[in-house]
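Notes for the structure review
Take a look at the letters that make up each chain.
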Amino acid sequence: MSAREEILRRIDGIVPARPAADVAADYARIDRDYARRHHADGVLDLFADRVAHYRATVLRAAEAELPRVVAERLAARPGTHGAPGDLPDAWLAEVTSGLVRDPAVADLDGLAGAVTGCAAAIAETGTIVLDHGPGQGTRALSLVPDYHLIIVRAAQVAPDVPEALERLDPSRPLTMVSGPSATSDIELSRVEGVHGPRTLEVVIAE
Amino acid sequence: MPAFPDAAREAVADTRLRGNLAHATGTIRERRAAAVAELDDWDALRESGKQIKDHVLANLGHYLRRLEEKVTEAGGTVHWARDAAEANRIVADLVKATGESEVVKVKSMATQETGLNEALAEEGIAAYETDLAELIVQLGHDRPSHILVPAIHRNRSDIRDIFRREMPDAPEGLTDAPADLAEAARRHLRAKFLSAKVAVSGVNFAVADTGTLVVLESEGNGRMCLTLPETLISVMGVEKIVPSMRDLEVFLQLLPRSSTAERMNPYTSTWTGVHPGDGPRDFHLVLLDNGRTETLADEVGRQALRCIRCSACLNVCPVYERAGGHAYGSPYPGPIGAILSPQIRGIGSDVDASLPYASSLCGACFEACPVAIDIPEVLVHLRARAVEDGPRHPVERAAMTAAGWTLRSPARLALAQRLASASRRIVAPRGRIRRLPGPLNAWTETRDAPAPPAESFRAWWARTDGGRTEPRAPEDGTDDGTDGRTEEGQ
Ligand code: SF4
């Protein structure tokens with residue numbers, strides 16, 4: 001008997017398999033009395049506050065100011081920055097420092113940083129979610145360089161975890177980012193900066 | 001592996017270890033309480049988390065088949081392993097098939113349980129732990145002592161010494177500042193991440209409906225392993241399933257706050273099979289039984305399979321705080337280890353038979369558990385099983401057998417009580433028994449046993465017609481407060 005058959009046989013012997021419709025009906029009966037959101041309003045302020053709490057830098061800019069802010073942030077970190085090929089040109093219009101679109105994985109470690117958009121954000125937890133679709137590049141792009149600048153559009157910010165998950169497509173790879181890389185491994189106190197980007201900057205475009 | 005009392009005695013005597021543990025668990029306890037208090041619907045989240053997990057366990061065959069179907073559809077390959085050896089065999093063969101002799105690893109309880117690193121080493125494959133704490137443990141030729149923070153027994157200067165000694169590329173003059181230590185680990189592992197062809201990971205959640213795997217982490221080493229190598233092999237216990245994406249809204253709130261006391265952990269990665277042009281080209285999922293079906297068969301003990309490995313129960317446990325993780329002789333220490341290890345390994349060894357006793361039953365673990373596992377209930381249940389099936393606890397078994405025999409007959413009970421009352425005159429001059437005879441002295445080595453009362457309750461009841469003729473005398477010779485140590489924590 002294969003391992004698969006044997007394990008399933010054991011399980012079926014203990015908790016017998018039932019028709020899928022019965023399982024689905026039981027699933028629907030699970031109590032979910034928790035809140036869909038914890039804060040009624042002030043979502044953007046909450047988001048900015050919660051992201052900053054992780055010691056990330058948070059900037060807020062009107063859509064029209066975005067090119068200037070992005071250019072300033074990148075100029076503050078000399079070197080070449082990577083960006084997804086499909087990040088809107090307008091966002092990068094004022095960048096004067098080195099910029100490479102869709103860099104090869106082998107070149108990522110030499111970059112000063114990466115700038116990307118995102119798929120959604122969660123105010124309550126100060127989380128930004130990338131699904132590596134348009135404007136976000138591969139998972140490696142926003143991981144290997146030591147600096148990550150993320151542009152979050154105000155409409156992308158969901159108040160809380162449940163609503164954010166509803167907006168996401170599970171078939172995409174998802175990366176949820178809550179502050180810079182950190183560890184609690186030394187005496188259980190949080191220290192920023194291990195393998196992921198040690199500096200995280202977030203621009204909220206309103 | 002020594003049984004818990006022996007291992008714990010040694011650990012408790014180590015004042016430095018106790019200091020490190022008390023500091024770390026104290027820190028996290030306070031923070032966790034604050035993180036949990038911030039959500040006014042915590043109890044409802046906890047109840048939903050519990051129900052979701054129970055629902056999965058009650059329909060495990062259904063969900064495993066569904067997960068397999070969805071992972072396969074998304075381009076992954078699913079393997080099944082009855083036990084640790086089979087899982088290790090599968091992983092070793094997969095690594096060999098790539099022609100590689102090195103793998104990078106993300107912290108994974110399942111592969112610690114199977115002893116994967118040692119099994120791979122025997123096949124000539126080097127496994128590099130990339131989580132900072134796991135790296136400290138690996139370089140220190142040590143064993144993990146905490147689920148979430150495997151090097152919790154080490155303080156910053158221990159860690160600096162280990163890095164200086166064992167890390168060939170450790171910077172000159174490395175200090176014990178946590179940021180410097182983290183920087184040293186970053187440099188040490190960067191080249192490995194960039195060149196590794198095969199990674200091995202664990203799994204926090206597997207979504208049956210979509211075939212999506214989820215890993216929560218902090219440092220980015222997980223993202224490196226899940227993203228950069230060409231081949232990814234993930235090992236998960238069969239109980240790690242949630243039915244749908246929607247369930248993550250519960251667990252992504254429960255887990256980070258319970259474990260590191262954060263609103264959200266720095267990085268959570270999900271992937272569904274392979275994603276062409278982004279990440280590994282080859283994905284393998286190993287579904288591990290290794291005693292989980294036996295655990296499922298025990299209707300009381302089954303709830304241990306709800307565990308999401310947050311480690312909150314460790315951090316609040318007075319026994320863990322003093323004894324440390326090594327004393328449990330298992331990759332799962334603390335309260336969860338005391339109920340999970342004997343179940344998945346079977347109560348066949350001294351260490352496993354002793355684990356259900358590694359608790360004061362104070363209940364703090366149950367309070368803290370985000371999926372409401374009633375750990376004290378399972379402990380008591382397993383104590384009974386240990387007495388019945390355990391390897392050899394001759395004194396205890398004899399005592400229990402004698403107790404059963406005595407209690408079944410009122411006449412025998414009355415006789416036993418008269419004998420006990422008589423004996424107190426001999427052994428308990430101050431109302432405490434300082435030393436029990438024979439093998440029972442293990443009990444009195446660290447505490448006094450109360451002496452039996454001068455008159456048993458039954459004898460008093462009979463003599464006074466249930467107290468109608470004479471109220472019960474206060475017991476004489478009770479603890480005068482100067483004599484004897486207490487067993488409970490301070
Ligand atoms: S038993 Fe509960 S508290 Fe302990 S690690 Fe598991 S989920 Fe966390």
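Reading the values: rules and limits
Residues numbered from 1 in each chain as written. Chains lettered and ligands numbered in written order. Predicted model: local features only at pLDDT ≥ 70, side-chain atom pairs only at ≥ 80, totals over all residues. Heavy atoms only, no water. pLDDT = per-residue confidence, 0-100. Contact = heavy atoms within 4.5 Å. Near = heavy atom within 4 Å. Nonpolar A, V, L, I, M, F, W, Y, C, P; charged D, E, K, R; others polar. Axes fitted to C-alpha atoms, helices over the stretch in contact; angles between N-to-C directions. Helix = DSSP H or I, 4+ residues; strand = E, 2+ residues; numbered from the N terminus. Parallel < 35°, antiparallel > 145°, perpendicular 65-115°, else oblique. Buried area = accessible area lost by both parts, 1.4 Å probe. Salt bridge = Lys/Arg side-chain N within 4 Å of Asp/Glu carboxyl O. Polar contact = N/O pair within 3.5 Å; in protein donor to acceptor, adjacent residues only side chain to side chain. Pairing = 2+ DSSP bridges. Expected span 1.5 Å × (residues − 1). Buried < 20%, exposed > 50% of the residue type's maximum accessible area, 1.4 Å probe, protein only.

**Description of the confidence of the model for chain B**
Caution applies to low-pLDDT parts of the model: their predicted coordinates are not meant to be read in detail. All names here are of chain B. Chain-level pLDDT for chain B is 84 on average; 80% of the residues reach the 70-or-more range. Every residue in residues 421–431 scores below 50 in pLDDT, and together they form 22 contacts with partners more than four places removed in sequence or on other chains. Low pLDDT, under 50, characterises residues 474–490; the stretch is placed with 19 contacts to residues that sit more than four places away or in other chains. Here the predicted complex scores 0.85 on pTM and 0.97 on ipTM.

**A look at the site of the ligand**
Residues in close proximity to the ligand include Cys307, Ile308, Arg309, Cys310, Ser311, Cys313, Ile336, Cys369, Pro370, Val371, Ile373 and Ile375 of chain B, which together make up its full environment. Split by residue class, the shell around the ligand holds ten nonpolar, one polar and one charged.

**Some points on the packing of helix α1 (residues 3–14) of chain A against helix α4 (residues 60–73) of chain B**
Orientation of α1 of chain A relative to α4 of chain B, taken along the N-to-C sense of each, is 150°, at an axis distance of 9 Å. Classified by the interaxial angle, the pair formed by α1 of chain A and α4 of chain B is roughly antiparallel. Judged by residue contacts, Arg4, Leu8, Ile11 and Asp12 of chain A of α1 of chain A engage Leu60, Gly61, Leu64, Arg65 and Glu68 of chain B from α4 of chain B. Grouping the constituent residues of the contact of α1 of chain A with α4 of chain B by class yields four nonpolar, one polar and four charged.

**Quick word on the environment of proline 342 of chain B**
Mapped onto the secondary structure, proline 342 of chain B falls in helix α16 (residues 334–345). When the C-alpha atoms of proline 342 of chain B and leucine 355 of chain B are compared, they prove to be 7.0 Å apart, with 13 residues separating the residues in sequence.

**Topic: the interface of chain B and chain A**
Facing the 97 residues of chain B at the interface are 76 residues of chain A. Summed over both partners, the interface of chain B with chain A buries about 7,300 Å², with 58% contributed by carbon and sulfur atoms. Per-residue buried area on chain B facing chain A is highest for Arg82, Arg186 and Arg263 of chain B; these three make up 10% of the total on that side. Where chain B touches chain A, the interface holds eleven salt bridges. Remark: the boundary between chain B and chain A carries 40 residue pairs in polar contact (both at pLDDT 80 or more). Of the residues forming the side of chain B that touches chain A, the biggest block, eleven residues, is contributed by helix α10 (residues 178–195) of chain B. For the side of chain B that touches chain A, the residue count by class is 42 nonpolar, 30 polar and 25 charged. By the bridge criterion, four bridges tie strand β9 (residues 174–177) of chain A to strand β9 (residues 267–272) of chain B in an arrangement that is antiparallel. Each bridged residue has a counterpart across the sheet, and for valine 177 of chain A the counterpart in β9 of chain B is tyrosine 267 of chain B.

**Quick look at the pairing of strand β2 (residues 102–105) of chain B**
Side chains on a regular strand alternate between the two faces of the sheet. Residues and elements named next belong to chain B. In terms of strand pairing, β2 meets strand β3 (residues 126–129) through four bridges, oriented parallel. Across the sheet, residue valine 104 finds its bridge partner in β3, namely tyrosine 128. The pairing of β2 with strand β4 (residues 198–201) spans two bridges and is parallel. Note that in β4 the partner of valine 104 across the bridge is alanine 199.

**Concerning the sheet that holds β9 of chain A**
Sheet architecture is open: eight strands sit in the order β8(A)-β5(A)-β6(A)-β9(A)-β9(B)-β6(B)-β5(B)-β8(B), paired in mixed fashion. The sheet terminates laterally at β8 (157–158) of chain A together with β8 (241–242) of chain B, the two strands that pair on one side only. Bridge count between strand β6 (residues 212–217) of chain B and β9 of chain B: six bridges; the pairing is antiparallel. Counted as the bridge partner of threonine 212 of chain B is threonine 272 of chain B from β9 of chain B.

**Section: helix α12 (residues 248–259) of chain B**
All names here are of chain B. In a regular helix each residue adds 1.5 Å, so twelve residues correspond to 16 Å; α12 covers 16 Å between its end C-alpha atoms and thus fits that length. Regarding α12, the residues found buried are Leu248, Glu249, Val250, Phe251, Leu252, Gln253, Leu254, Leu255, Pro256, Arg257, Ser258 and Ser259. Just downstream of α12, alanine 261 is the residue with a positive phi angle, here 65°.

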